[in-house]
Amino acid sequence: MKSGVCPKCSSREVYSGENIKMKKGAYGCNTIPLGGFLGSQAALDNYVCCQCGYVESYINNPKDLEKISELWEKVEG
Ligand SMILES: [Zn+2]
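Enquirer: Pulling in residues and values, what's your account of the overall build of the chain?
Expert: Secondary structure summary: the chain contains one helix and four strands in total. The order of α-helices and β-strands along the chain, N terminus first, is β-β-β-β-α. Burial statistics for the chain: of 77 residues in total, 27% are counted as buried. Put simply, of all contacts in the chain between residues at least 6 apart along the chain, 45% involve residues at least 24 apart. Here the chain displays about 5800 Å² of accessible surface, and carbon together with sulfur accounts for 54% of that area.

Structure representation (structure tokens):
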């Protein structure tokens, strides 16, 4: 998806919300809860396919990823 191609429909109509304002903060509409202290949250970068509507989300902050690996349960395949 980050390469601009939708994995579901192979369209190139992929748009990134990486640089939109208010990703994080009072509205909290583009975050996921990390758990831990004071309910901290990680901002998400969303990639949307405007052909089929598929959405992919990424966390860009390495510190948030570190926190998740400490706080969340690892999925064992
Ligand atoms: Zn698509």
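Enquirer: How would you sum up the packing of aromatic side chains? Please name residues and give values.
Expert: For the structure shown, the criterion picks out one aromatic pair. Ring centres 5.5 Å apart and planes at 85 degrees place the aromatic pair Y47 and Y58 in the edge-to-face group. Pair noted here: Y47 is in strand 3 (residues 40–49) and Y58 is in strand 4 (residues 55–59), with a separation of 11 residues, a long-range link. Relative accessible area serves as the criterion here: at 25%, Y58 is assigned to the partly exposed category.

Enquirer: Explain the coordination of the zinc ion residue by residue, including any values.
Expert: Coordination of the zinc ion by the protein is provided by C6 (SG), C9 (SG), C49 (SG) and C52 (SG), with metal-donor distances spanning 2.3 Å. Here the zinc ion is ringed by four donor atoms whose angles at the metal span 107 to 113 degrees, and the overall shape comes out tetrahedral. Read from N- to C-terminus, the donor residues coordinating the zinc ion fall into the pattern C-x2-C-x39-C-x2-C. Highlighted residues: C6 in the segment before strand 1 (14–16) and C49 in strand 3, separated in sequence by 43 residues. In this structure C6 comes out as buried when scored by relative accessible area, which is 1%.

Enquirer: Tell me about the pairing of strand 3, and please be specific about residues and values.
Expert: With eight of its 10 residues buried, strand 3 lies for the most part within the structure. Linkage of strand 2 (residues 31–35) to strand 3, two consecutive antiparallel strands, is achieved through a turn of four residues, within which G36 is found at a positive phi near 75 degrees. Across five bridges, the pairing between strand 3 and strand 4 is antiparallel. Bridging across to strand 4, L44 finds its partner in I59. The turn joining strand 3 and strand 4, which pair antiparallel and follow one another in sequence, is formed by five residues; a positive phi near 90 degrees is taken by G53.

Conventions adopted
All residue numbers here refer to positions counted from 1 along the written sequence of the relevant chain. For a predicted model such as this one, the threshold for reporting local features is a pLDDT of at least 70, and the threshold for listing and counting side-chain atom pairs is 80 or more; totals across whole chains, interfaces and linings nevertheless cover every residue. Note that water and hydrogens are dropped before the side-chain values are worked out from all heavy atoms of the structure. The secondary structure listing takes helices from DSSP runs of H or I that are at least 4 residues long and strands from runs of E that are at least 2 residues long, numbered from the N terminus. The classification of residues rests on relative accessible area computed with a 1.4 Å probe and restricted to protein chains. Under 20% of the type maximum is buried, over 50% is exposed, and intermediate values are partly exposed. Residues are treated as being in contact if the distance between any of their heavy atoms lies within 4.5 Å. We get accessible surface area from the Shrake-Rupley algorithm with a probe of 1.4 Å; when it comes to residues, only the shown protein chains can shield them. Aromatic contacts are taken between Phe, Tyr and Trp rings whose centres are within 6.5 Å, Trp giving its six-membered ring; a plane angle under 30 degrees counts as stacked, one over 60 as edge-to-face, and the others as tilted. Each metal's donors are the N, O and S atoms found within 2.8 Å of it, except that Na, K and Ca use a 3.2 Å limit; water is left out, so coordination can look incomplete. Here a site with four donors is tetrahedral if all angles are between 85 and 135 degrees, and a site with four or six donors is square planar or octahedral if opposite donors are over 155 degrees apart and the other angles are between 65 and 115; anything else gets the irregular label. Only when DSSP finds a minimum of two bridges between them are two strands counted as paired.

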